[in-house]
Amino acid sequence: MKKALEGIKVIDLTSALNGPFCTMILADYGAEVLKIEPVNGEQCRTWGPLDEESGESGFFCYVNRNKKGATLNLKSEKGKELFFKLVKDADVLVENYKGGVTERLGIDYETVRKINPTIIYASGSGFGQYGPLKTRPCYDVVAQAMGGMAELTGFPDSIPTKVGPSIADHVAGIYLAVGVLTALVHRERTGEGQQVDVAMLDTIFSLLENSLVKYTMGGYIPTRNGNIDPSISPFDLFECKDGFIAIGVGNDRLFDTFCHTIGHTELLEDPRYATNDLRCQNYQPDLQNVIRDWSKDYTKGEIEKIMDEAGIPCGPVLNVKEAIEHPQIQARDMMVHCEHPTAGDLYFQGCVMKLSETPGSVDFPSPLLGQHNQEIFGITAEEEEKLKAEGVL
């Protein structure tokens, strides 16, 4: 089946995670993504896990699937010349250098738009293209710390904690992809190109949801609250005979059903639990302990069945292996196989967005270093060897 972004050519200058995650999304849905790496390869080629025989990074293979790859020394004049030839007929350029680097290299938006006025120039960085910290380097843990996420994660008696996966990188990559698609729609209407600017700090800040409103409307500075939601109650993880299960009771109707389901209808007569807001205020310790005392007598599977039959949102806490093997994940093709020329069979995440007419798919593996130099730059094998000797490729 045809893919939605077929015919869109993307120059990918990104490294690490937020930029490659953006271009991976574009590639999965049909864009031709040309990944341009430094001569020695980009940094996440060394990030584990590494395949024992080939040394290929599983991390790199995952986020760089469906892309063609070339190497280029953008500090050399010949390198810039080859780069600007690519720019002329590209639709999108994606980069995630820290602020100021593209200007020093002479490949910034203002320079590139003179060569291709209709190009969409997408910049993903830690702190954005303007502001007092624009030149500061950043990784996910820094964005989570400065954006307020770490202070909100963990239990009240614990230290601030980063969310496990690199959500600043991942969501910034998603925002960057959405920005590219938004800009492409605008260009289709007007013929105008533009720059898309997404910062990891902005991204984390945008995810704080109700915590921001608690401060701006009520003057209260939220902090760590464990697994409890500040706006919905009960909304927590509960221990069972064989692990933990999540239960979310999002409104008064569900609370009525929940109390009948667990055999504690007396809770419905308690004025402390008459509304969701009151339950949030009075959840600990009494209401929480009632549910904990009930859940410990059942297995995760038993509670899941009981809650599911009652129509109450719930789900077991799964480890990675259990999540991979879950029938729902498998049914949704959220794990796919991809054959790599040196690392062999790779098994990783599939495409999240399910489009009925133009679905995404994983069609080919991440490129070997410089694998498509000749194709991308339109050069012969002899020319490639000469440019390598000169330090251009």
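Look above for the structure.
Residues numbered from 1 in each chain as written. Predicted model: local features only at pLDDT ≥ 70, side-chain atom pairs only at ≥ 80, totals over all residues. Heavy atoms only, no water.

> Quick question: what am I supposed to make of the pattern of salt bridges here?
Side chains carrying opposite charge are able to pair once their charged atoms draw close together. As enumerated under the stated definition, the model contains 21 salt bridges in all. In this structure, Lys68 engages Glu32 in a salt bridge whose closest nitrogen and oxygen atoms are separated by 3.1 Å. Within this pair, whereas Lys68 is found in strand β3 (residues 67-71), its partner Glu32 is found in strand β2 (residues 32-37), the two being separated by 36 residues in sequence. Salt-bridge contacts for Lys305 lead to Glu309; the nearest nitrogen and oxygen are separated by 2.7 Å. One end of the pair, Lys305, and the other, Glu309, are both in helix α13 (residues 300-310), 4 residues apart, so they sit about a helical turn from each other. As far as burial versus exposure is concerned, Lys305 and Glu309 are alike and both exposed. (Salt bridge = Lys/Arg side-chain N within 4 Å of Asp/Glu carboxyl O. Helix = DSSP H or I, 4+ residues; strand = E, 2+ residues; numbered from the N terminus. Buried < 20%, exposed > 50% of the residue type's maximum accessible area, 1.4 Å probe, protein only.)

> Which parts of the structure should I look at to understand the side chain of Asn18?
On the secondary structure map, Asn18 appears in helix α1 (residues 18-28). If we skip the residues at most four places from it in the chain, Asn18 touches Asn96, Gly124, Ser125, Asp169, Ala172, Gly173 and Met200. (Contact = heavy atoms within 4.5 Å.)

> Is there a simple way to explain helix α8 (residues 167-190) in this structure?
The periodicity of an α-helix, 3.6 residues per turn, causes residues three or four places apart in sequence to face the same way. If you check α8, its first and last C-alpha atoms are 34 Å apart, about what 24 residues at 1.5 Å a residue would give, namely 34 Å. Looking one or two residues beyond α8, the residue adopting positive phi is Gly191, at roughly 80°. (Expected span 1.5 Å × (residues − 1).)

> Mind showing me how you'd approach the packing of aromatic side chains here?
Describing an aromatic ring pair means giving the distance of the ring centres and the angle of the ring planes. As enumerated under the stated definition, the model contains 5 aromatic pairs in all. On the basis of an interplanar angle of 45° and a centroid distance of 5.7 Å, the ring pair of Tyr62 and Phe348 is categorised as tilted. Here the residue Tyr62 occupies a position in helix α2 (residues 58-63), and Phe348 occupies one in strand β11 (residues 344-349), the gap between them amounting to 286 residues. Like Tyr62, the residue Phe348 is buried in the burial classification. Seen in terms of ring centroids, Trp294 and Tyr298 are 4.9 Å apart; in terms of plane orientation they differ by 35°. Their pairing is tilted. Exposure remark for Tyr298: the relative accessible area of 28% places this residue in the partly exposed category. A cation over an aromatic ring shows up here: Arg136 above the ring of Phe127, its NZ or CZ 6.0 Å from the ring centre. (Phe/Tyr/Trp six-rings, centres within 6.5 Å; stacked < 30°, edge-to-face > 60°. Lys NZ or Arg CZ within 6 Å of the ring centre and 35° of its normal.)

> Help me understand the sheet that holds β2 in this model?
Working definition: the strands of a sheet are paired by backbone hydrogen bonds and lie parallel or antiparallel to each other. Taking strand neighbours across the sheet as the criterion, the 6 strands line up as β3-β2-β1-β4-β5-β6 in an open arrangement whose pairing is parallel. Bordering the open sheet on either side are β3 and β6 (194-199), each of which pairs with just one other strand. Direction aside, the axes of adjacent strands within the sheet are offset by 20° on average. Two elements, strand β1 (residues 9-12) and β2, share 4 bridges in a ladder whose sense is parallel. The residue of β2 that forms the bridge with Asp12 is Lys35. Packed on one face of the sheet, α1 meets β1, β2, β3, β4 (92-95) and β5 (120-125) and runs near 135° to β3. In the packing of α8 onto the sheet, contacts are made with β4, β5 and β6, and the angle to β6 comes to roughly 165°. (Pairing = 2+ DSSP bridges. Axes fitted to C-alpha atoms, helices over the stretch in contact; angles between N-to-C directions.)

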